[in-house]
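# Chains, contacts and geometry: an overview
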Amino acid sequence: MMKIKRILIENIGPYKNKEFIFEHSCSLIIDKNEAGKSVLAKSILEALYPSKQPLIPLNNGKITLEIESDNEFFQITRNYRGYQIFKNGNPIKHETKTKGRIIKKLPGEIIFNIPKEIFINSSYLAQKAGINTKELYSVTSFLEQAIDTGFQDTSASSALTKIKEALYDNIHSGAIFPFNTKGKLDTAIKIWEEKLTEYEEKKAYLQNLVEEQTEIIKNYIESLSEFENINHEIIKLDSDYATWKIQQNNFYLREIQILEKRNDELKEFEGMVEFYKNFENLKPEEQRFIILYENEIQSLQEDLMLKEEKKKKIKKLLKKLSLINILTVISSILGGIFIDNIFYIGVIFCLFAFFYQLKLNSENKKLNHDIKTLNLKHDEISKKIDYIISNFTAPINSKNEFFSLFKKVSTHKNEIKEFIENSRKIEELKKLLLSEKEIDFYESKIISRNKEFNNLNIEDYEQKKEKLLNLKEQINDKIHKLQADYDKIIQHRKEIEKITDHIQVAVKNLEILEKFKEALQKSFEVLENITKKHHELWSQKLNEKASKLLSNITDKTVHISFGKDLSFNIKVPEIEYPLPEKEIENKLSGGITEQIYLTVRLILADILSKGMKIPFILDEPFAHSDDERFFKGMKYLIQEIANSNQVIILSCHQNRLKLIEELKGFFCLISVSNEA
């Protein structure tokens with residue numbers, strides 16, 4: 001017996017954390033409406049057969065369902081992310097990949113080995129008496145069961161295999177979809193035939209366009225060729241120019257080496273260069289002043305020396321005259337005492353000496369003035385030369401050093417000028433030298449290295465290149481004008497290639513569809529024969545058990561008969577003729593209708609579960625039955641069915657609990673109130 005042992009419902013409906021434990025083989029859940037019975041039933045179904053749109057809002061909810069048999073234990077966890085299945089504590093892989101398709105098996109399919117359609121039309125009753133026979137007896141849910149349960153017809157298995165392969169391959173490739181009727185298949189063939197015609201017409205139209213525009217292609221290709229030729233000429237011209245640039249660079253390097261070698265020979269004059277440049281930057285009158293300075297200062301000093309000597313002589317002479325005058329006066333006074341004329345002679349001599357002294361003093365005064373003037377001129381010349389020297393950037397410690405250097409510069413003026421000129425040329429030539437990047441650039445442009453160029457070869461380079469670039473631009477404009485048309489033609493060619501591929505796909509798909517149509521037609525014929533045989537077998541099994549089981553539930557002589565197509569009719573004492581399935585709900589009461597459908601469910605569950613005793617979850621199985629039918633039906637479920645299958649019954653008729661008081665030991669009463 002497969003038994004639901006426990007279910008834990010978290011954050012779903014009225015349940016925050018509610019656990020239901022089903023110890024007894026028959027569990028009865030009776031409570032008022034909206035208490036949570038339907039949430040419990042739907043939680044069991046959602047755990048066993050998860051759906052893309054859950055029967056209950058999961059959001060933050062979670063369902064844990066535990067099922068056990070004699071030697072196996074299963075656990076299912078279901079939340080908004082999906083589901084997991086564990087067997088004896090180990091996870092079970094429920095996804096397989098077949099020919100590119102991911103096939104998922106639901107927990108109920110793994111544990112009970114029956115699809116959802118069979119489960120909800122046999123073991124699971126959700127407040128609805130009827131059965132959806134279209135789902136139950138559909139080819140997809142029934143055919144494999146038929147083959148797996150004994151109808152090992154070779155042609156049937158082969159037909160089914162062909163159908164499966166065709167469906168899987170074409171679903172995966174996206175070429176076609178699984179057609180389950182001949183009409184849809186014919187429609188698909190017609191669609192592909194129309195597509196094939198459309199592709200062929202479009203291909204012919206595009207091919208005509210391409211043929212009409214061959215002149216454009218010719219012009220475009222010729223323009224491209226001309227463009228390439230001009231590019232080649234430009235490359236050749238650039239190569240010649242690059243060769244000339246490299247040759248010029250080498251010439252400049254050689255010239256620099258020659259000049260630097262000569263400057264090495266003139267190295268001794270390098271220290272005079274700055275002095276020479278300073279001197280050359282002076283004003284002409286300053287240059288003349290320096291040139292005449294030594295002569296002028298020498299002449300001035302000589303003149304000053306002569307005047308100083310003459311001044312000294314006059315000074316000595318004045319001293320002598322003063323002494324003579326004193327002696328003469330004394331002699332005249334003393335001689336006049338004795339001789340009368342001596343005094344007068346002395347006076348006359350003194351007067352003569354006095355006037356001579358006046359003359360000497362006048363000369364002395366003039367000499368002093370001249371000396372002062374000469375000294376002032378000397379100072380002025382010295383200041384001027386000091387000022388000029390101070391403006392020199394060359395290092396000079398004294399006037400003597402200055403004029404010594406000046407003499408050397410004057411002597412080696414030509415050598416210094418040559419050194420300066422060489423240095424200037426070296427700097428100019430270095431500016432003309434190419435950088436390493438430029439050398440690499442021009443080297444990359446050179447095609448042939450065997451040519452020699454001079455300025456005469458290269459002087460018309462710019463003119464030639466400009467002419468080629470103008471011609472290149474004209475051709476480029478022409479190419480651009482043709483480009484749009486050419487691109488359209490290329491696009492047309494690509495479209496022709498794509499359409500050719502589409503045509504091949506369409507032809508292939510038509511072949512597949514025709515073969516599929518033929519296989520499907522033959523398969524349907526075989527399947528129809530198998531279905532008839534299988535339905536006939538089912539009807540025999542159903543008829544064997546149905547009437548007996550229905551009489552036990554209703555306690556009346558009620559006959560149920562299943563036809564070869566699995567439709568059934570009912571014969572009750574109140575009505576003279578058998579009632580077909582579609583008239584049961586209209587002709588019979590709700591109670592007897594519930595009992596009939598419950599009987600069919602019980603029989604179907606027994607047959608379709610292949611002997612596996614699966615649980616019954618029945619929500620209001622006798623909602624429309626009177627008390628007597630309620631008691632009889634419940635008694636049969638509790639005492640008979642619960643012996644072989646687990647039975648979980650949900651009901652809101654609390655007042656009917658007293659009707660089954662005598663059956664208390666045969667079931668367990670469970671509350672749905674949310675205690676946690």
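Because the structure is a prediction, the values reported are computed rather than measured. (Residues numbered from 1 in each chain as written. Predicted model: local features only at pLDDT ≥ 70, side-chain atom pairs only at ≥ 80, totals over all residues. Heavy atoms only, no water.)

Now for the overall build of the protein. Across its full length, the protein holds 19 helices and 16 strands. Expressed as a percentage of its 676 residues, the buried residues of the protein come to 40%. Approximately 40,200 Å² of the protein is accessible, and the part contributed by carbon and sulfur atoms is 52%. (Helix = DSSP H or I, 4+ residues; strand = E, 2+ residues; numbered from the N terminus. Buried < 20%, exposed > 50% of the residue type's maximum accessible area, 1.4 Å probe, protein only. Areas by Shrake-Rupley, 256 points an atom, 1.4 Å probe, with all protein chains shown as cover.)

The next thing to look at is a positive patch on the surface. Taken together, the side chains of Lys312, Lys315, Lys316, Lys319 and Lys320 present a region of like positive charge at the surface. Structurally, Lys320 can be placed in helix α10 (residues 284-338). (Patch = residues over 30% accessible without salt bridge, like charges linked within 9 Å, V, L, I, M, F, W, Y side chains within 5 Å. Salt bridge = Lys/Arg side-chain N within 4 Å of Asp/Glu carboxyl O. Lys, Arg positive; Asp, Glu negative; His and termini not counted. Charge placed at Lys NZ, Arg CZ, Asp CG, Glu CD.)

For the rest of this paragraph, the subject is the side chain of Asn278. Structurally, Asn278 is set in helix α9 (residues 273-280). Sequence-distant contacts of Asn278, defined by excluding residues within four places in its chain, comprise Phe392, Thr393 and Ala394. (Contact = heavy atoms within 4.5 Å.)

The axes of two packed helices give the description: the angle between them and the distance between them. Between α9 and helix α12 (residues 399-411), the least distance of the axes is 10 Å, while the angle of their chain directions is 90 degrees. If you check the angle between α9 and α12, you find them roughly perpendicular. Seen from α9, the contacting residues are Phe275, Tyr276 and Phe279; seen from α12, they are Phe402, Leu405, Phe406 and Val409. (Axes fitted to C-alpha atoms, helices over the stretch in contact; angles between N-to-C directions. Parallel < 35°, antiparallel > 145°, perpendicular 65-115°, else oblique.)

A separate point is the sheet that holds strand β13 (residues 579-580). Across the sheet, 3 strands lie side by side as β11-β12-β13; this open sheet has antiparallel pairing. Strand pairing shows two members of the sheet lacking a second neighbour, β11 (559-562) and β13, which therefore form its edges. Bridge count between strand β12 (residues 568-571) and β13: 2 bridges; the pairing is antiparallel. Bridged to Asn569 within β13 is Pro580. (Pairing = 2+ DSSP bridges.)

Position of Ser43 relative to the elements: it lies in helix α1 (residues 37-48). A distance of 2.6 Å separates a polar side-chain atom of Ser43 from the backbone oxygen of Val39. Beyond its immediate stretch of four places on either side in the chain, Ser43 contacts Ile7, Ile9, Ile56 and Ile63. (Polar contact = N/O pair within 3.5 Å; in protein donor to acceptor, adjacent residues only side chain to side chain.)

Time to look at the confidence of the model for the protein. Predicted confidence across the protein gives a mean pLDDT of 79, with 82% of residues reaching 70 or more. At the low end of the mean pLDDT range in the protein sits helix α5 (residues 139-148), at 40; at the high end sits strand β4 (residues 62-68), at 95. Note that residues 134-157 has pLDDT below 50 and, in this model, 49 contacts with residues that lie over four places away or in other chains. This model gives residues 164-182 a pLDDT under 50, and the stretch forms 31 contacts once residues within four places in sequence are excluded. (pLDDT = per-residue confidence, 0-100.)

The buried fraction of strand β3 (residues 26-30) is high, at 5 of 5 residues. Both faces of β3 are covered, namely the face carrying Cys26, Leu28 and Ile30 and the face carrying Ser27 and Ile29. Of the strand pairs in this sheet, β3 and strand β15 (residues 647-651) are connected by 5 bridges, and their pairing is parallel. Note that in β15 the partner of Ile30 across the bridge is Ser651. Relative to strand β16 (residues 668-669), β3 runs parallel, the two being bridged by 2 bridges.

Here strand β5 (residues 73-79) runs beside strand β6 (residues 82-87); their pairing, made up of 6 bridges, is antiparallel. Within the sheet, the bridge partner assigned to Gln75 lies in β6 and is Phe86. The loop that links β5 with its antiparallel partner β6 comprises 2 residues. Hairpin remark: β6 followed by strand β7 (residues 90-91), antiparallel, with 2 residues in the connecting loop; positive phi at Asn88, about 55 degrees.

A word on the state of the cysteines. Under the definition given, this model contains 0 disulfides. With no disulfide of its own, Cys668 lies closest to Cys26 among cysteine sulfurs, the gap being 9.2 Å. (Disulfide = S-S within 2.5 Å.)

Another point: the sheet that holds strand β2 (residues 15-21). Here we have 6 strands laid out as an open sheet, ordered β2-β1-β4-β5-β6-β7, and antiparallel in their pairing. Both edges of this open sheet fall to β2 and β7, since each of them pairs with a single strand only. As paired strands, β6 and β7 are joined by 2 bridges and run antiparallel to one another. Its bridge partner being in β7, Lys87 is matched across the sheet by Asn90.

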